[in-house]
Amino acid sequence: MNAKNAMNAKTPNAPVVIAKIARSRGLRGELVADLLTDFPERFDSIDKVIARNAKGETKSLELEKFWFQKNRVILKFKGFDSIEQSDVLRDYEICVPDNEAVELSDDEYFDWELENCSVETISGEKLGIVKEVMRTGGTENLLVQGELKDYLIPFALTICVEVDIENKRILVDPPDGLLEF
């Protein structure tokens, strides 16, 4: 079972965020962006993207070229040919329409699908709501916010025995001691 990094707004049919502009680069309007997808190869087939700012305002942009550098992507959009022109896109999220989201296998989920799922044990104890999928280099962990305390639950098939995305519910069978810390 795997969680895949690709962010999305919490509304149906919302664009899927694949990168976030960090800063401008060079004199020709290039931009440095943090990758927010586990599928960077998707840039090979992208011509147009949606840029969205914190206010929710969007712009349609045409990707002229891109390349990867030090775990980031450098983006160049048509019509943005100087630092001054490109700098207006700082902090914008780069998105693709939800119908262009990468197809996952049955036991894989996007982080945004897991967020806000209710979590309960197989014995019926309600633990809380998934607030974040944390990546620590191994198995992903679900940060579950409970009423009295938070839980860090490994997102592994042996623990998360049922994931029902449609009903926003995750059933867990925690090993002894997992919920005590």
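You'll find the structure just up there.
The structure contained in this document is the topic of the report that follows. (Residues numbered from 1 in each chain as written. Predicted model: local features only at pLDDT ≥ 70, side-chain atom pairs only at ≥ 80, totals over all residues. Heavy atoms only, no water.)

1. A few points about the packing of aromatic side chains
Point 1. Applying the stated criterion across every chain yields a total of four aromatic pairs.
Point 2. With a centroid separation of 6.1 Å and 80° between ring planes, the pair formed by phenylalanine 43 and phenylalanine 68 is classed as edge-to-face. Here phenylalanine 68 lies in strand E6 (residues 58–69) and phenylalanine 43 lies in the loop between strand E4 (30–35) and strand E5 (48–52), a separation of 25 residues in the sequence.
Point 3. We classify phenylalanine 43 as buried; its relative accessible area is 1%.
Point 4. Its relative accessible area of 41% is what places phenylalanine 68 among the partly exposed residues. (Phe/Tyr/Trp six-rings, centres within 6.5 Å; stacked < 30°, edge-to-face > 60°. Helix = DSSP H or I, 4+ residues; strand = E, 2+ residues; numbered from the N terminus. Buried < 20%, exposed > 50% of the residue type's maximum accessible area, 1.4 Å probe, protein only.)

2. Comments concerning the environment of asparagine 167
Point 1. When you line up the elements, asparagine 167 lands in the loop between strand E14 (160–164) and strand E15 (169–172).
Point 2. Owing to a relative accessible area of 54%, asparagine 167 belongs among the exposed residues under this scheme.
Point 3. With 50 residues separating them along the chain, asparagine 167 and cysteine 117 place their C-alpha atoms 8.1 Å apart.

3. As for the pairing of strand E8 (residues 93–96)
Across a regular strand the side chains alternate sides, sitting on one face of the sheet and then on the other.
Point 1. Looking at chain direction, strand E3 (residues 16–25) and E8 are connected through four bridges and run antiparallel. The residue of E8 that forms the bridge with valine 17 is cysteine 95.
Point 2. The sheet contact formed by E5 and E8 spans three bridges and is antiparallel. Its bridge partner lying in E8, alanine 51 is registered against isoleucine 94. (Pairing = 2+ DSSP bridges.)

4. Brief notes about the state of the cysteines
Point 1. Evaluation of the coordinates by the stated rule reveals zero disulfides.
Point 2. Just so you know, cysteine 117 is unpaired, no disulfide at all, and the nearest cysteine sulfur is the one on cysteine 160, 10 Å from it. (Disulfide = S-S within 2.5 Å.)

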